[in-house]
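# Commentary on secondary and tertiary structure
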Amino acid sequence: MTELIDKALQDSTDTKAIISGRDVVGQTGALFKELFGDAQCILVADGNTWEVAGEQVRASLEAAGVTVVEPYIFPGTPTLYAGYENVERLRDHLSGVDAIACSVASGTLNDITKLASGELGRGYLNVCTAASMDGYAAFGASITRDGFKITRDCPAPAGLVADLDIMAAAPQRLTATGYGDLIEKVPGGADWLVADELGIEAVDDKVWDLVQPPLVAALSDPEGLAAGNPDSIGLLAEELILSGLAMQAHQSSRPASGAGHNFSHQWEMEGHGLSWEPPLSHGNKVGIGTVASCAVYELLPSLDVAGVDPEQRAAEWLSPEDNDARIEALQPLPAIRAAALSQSRAKYVPKDQIAARVQLIKDHWAAILERVGPQVMTPADIADKLRRAGAPYHPGQVGIDQEKLKLTYYQSQTIRSRYTIFDALFELGLFDQVVETLFAPGGYWAETPIPTEGHLDPQD
Ligand SMILES: [Zn+2]
């Protein structure tokens, strides 16, 4: 898979080099020299990541002749808060130092360093400490501001060091989180195929090939991941990095994120699990969203799409005002509501075009089924893989009850303009029926009881 990373680097705009493999942390200094020449380096870490690799990274830099200034170490909480105040804190410190940052970090601290460096117009390098998410090589940082998680534009790192022995030694829950983030690429890929088939958003083959062909192998050994096997974690880590490079090349998260991710975004924006210790992770929520999305895909072959009448759909189609009212009712929180309105308006099909859109979906339905069939997995299979990786696989394990889950199906469809299978079903007038089926006797959620183990919800 390292070959794929090298191939991806040829097209990446920001990231120039990635060193991935076992026992490679000692190459950090040489990489820093290659990327930044004679610049001084400031290490950025928290108490935990410093403990894991701080001294090794410093030794490597010094051995390569890099001048290393006093490191900036955040207090060692289990998961550093990705709040904008932490970005400002680091940026203010960096602005007084003539040095390029080398973060020793996973998700949150990497994003903080990415944005702080980006705001100063400086490059940076990251030494990865866990296979916990796909944002290492991604353009943009996921940061919370005024209580809401948003993605801020900023360049990806100039370089990454992924030492698999270091990543394999990370707490198991971080690897399980990375697995949850990765597995959504299964139905997320299917969502892209749907949009491609309908001529709404073409698949970019080059980017697709970075993420999808190695995906099944990277998901294939959940037990090995749970056991901290460096080879299994290597497959996961490299695939997560490839996803980030794919997003960097595509300048959007489409290659790595579909309807399943929107469940996580909805709960994230509501602040669900933010105050837990540790906070409920992105990948844990995404994994459960993946089960929810695959439950929809599982029902597609049973739907009577041929029986949908385009003219009748046009007659009953919501006006822009009624569609806004629908979204306002679904999104009571003001900041989410504003975002959902603008995202949903961007994908709203005008009334005079909806009959043609419905006809288009009907005409391509057989092709959609044929293309997504080999791509998706059943919700039971996804849940089983997550369980074996030690990740939550049922919303009841993270404090989301059936009523809230059902509501999230509708809410999640409103928060992104990105076209997914949920939108196709909504336009066909079949979305309500699909969601009702999932929660009615015989449906996936009605028949899948809350597990007694694996609860992360502190209220339990
Ligand atoms: Zn993600």
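Everything here concerns the structure above.
Reference entry: report on the structure contained in this document. Here the structure is a predicted model, which means the values were calculated and not measured.

## Some details on the overall build of the chain
Scanning the chain from N- to C-terminus turns up 22 helices and 8 strands. What you see for the chain is a C-alpha radius of gyration of 22 Å, in line with the 23 Å of a compact globule of 460 residues. If you line up the chain on its principal axes, its C-alpha atoms span 70 × 45 × 40 Å. By residue count, 58% of the 460 residues in the chain fall in the buried class. Intrachain contacts of the chain at a sequence separation of at least 6 include 80% that bridge at least 24 residues. Summed over its atoms, the accessible surface of the chain is roughly 17,400 Å², and 51% of this surface lies on carbon and sulfur atoms. Averaging the coordinates of the 33 positive side-chain charges in the chain and doing the same for the 64 negative ones gives two points 3 Å apart.

## Re the packing of helix α14 (residues 282-299) against helix α22 (residues 431-439)
Between α14 and α22, the shortest axis-to-axis distance is 10 Å and the interhelical angle comes to 110°. Compared by their axis directions, α14 and α22 come out roughly perpendicular. The segment α14 lies against α22, with Ala-295, Val-296 and Leu-299 engaging Val-434, Thr-437 and Leu-438. Residues belonging to the contact of α14 with α22 are distributed by class as follows: 5 nonpolar, 1 polar and no charged.

## Examining the pairing of strand β8 (residues 159-163)
Burial analysis of β8 places 5 of its 5 residues in the buried class, the great majority of the element. By the alternation rule, side chains of β8 split into Gly-159, Val-161 and Asp-163 and Leu-160 and Ala-162, which are all buried. As defined by bridge partners, strand β1 (residues 17-21) adjoins β8 across 5 bridges and the pair is classed as parallel. Each bridged residue has a counterpart across the sheet, and for Gly-21 the counterpart in β8 is Asp-163. Inspection of the sheet shows strand β5 (residues 124-128) paired to β8 by 3 bridges, in the parallel sense. Along β8, the bridge assignment pairs Leu-125 with Gly-159.

Calculation criteria
- Residues numbered from 1 in each chain as written.
- Predicted model: local features only at pLDDT ≥ 70, side-chain atom pairs only at ≥ 80, totals over all residues.
- Heavy atoms only, no water.
- Helix = DSSP H or I, 4+ residues; strand = E, 2+ residues; numbered from the N terminus.
- Rg over C-alpha atoms; globule rule 2.2 N^0.38 Å.
- Buried < 20%, exposed > 50% of the residue type's maximum accessible area, 1.4 Å probe, protein only.
- Contact = heavy atoms within 4.5 Å.
- Areas by Shrake-Rupley, 256 points an atom, 1.4 Å probe, with all protein chains shown as cover.
- Lys, Arg positive; Asp, Glu negative; His and termini not counted.
- Charge placed at Lys NZ, Arg CZ, Asp CG, Glu CD.
- Axes fitted to C-alpha atoms, helices over the stretch in contact; angles between N-to-C directions.
- Parallel < 35°, antiparallel > 145°, perpendicular 65-115°, else oblique.
- Nonpolar A, V, L, I, M, F, W, Y, C, P; charged D, E, K, R; others polar.
- Pairing = 2+ DSSP bridges.

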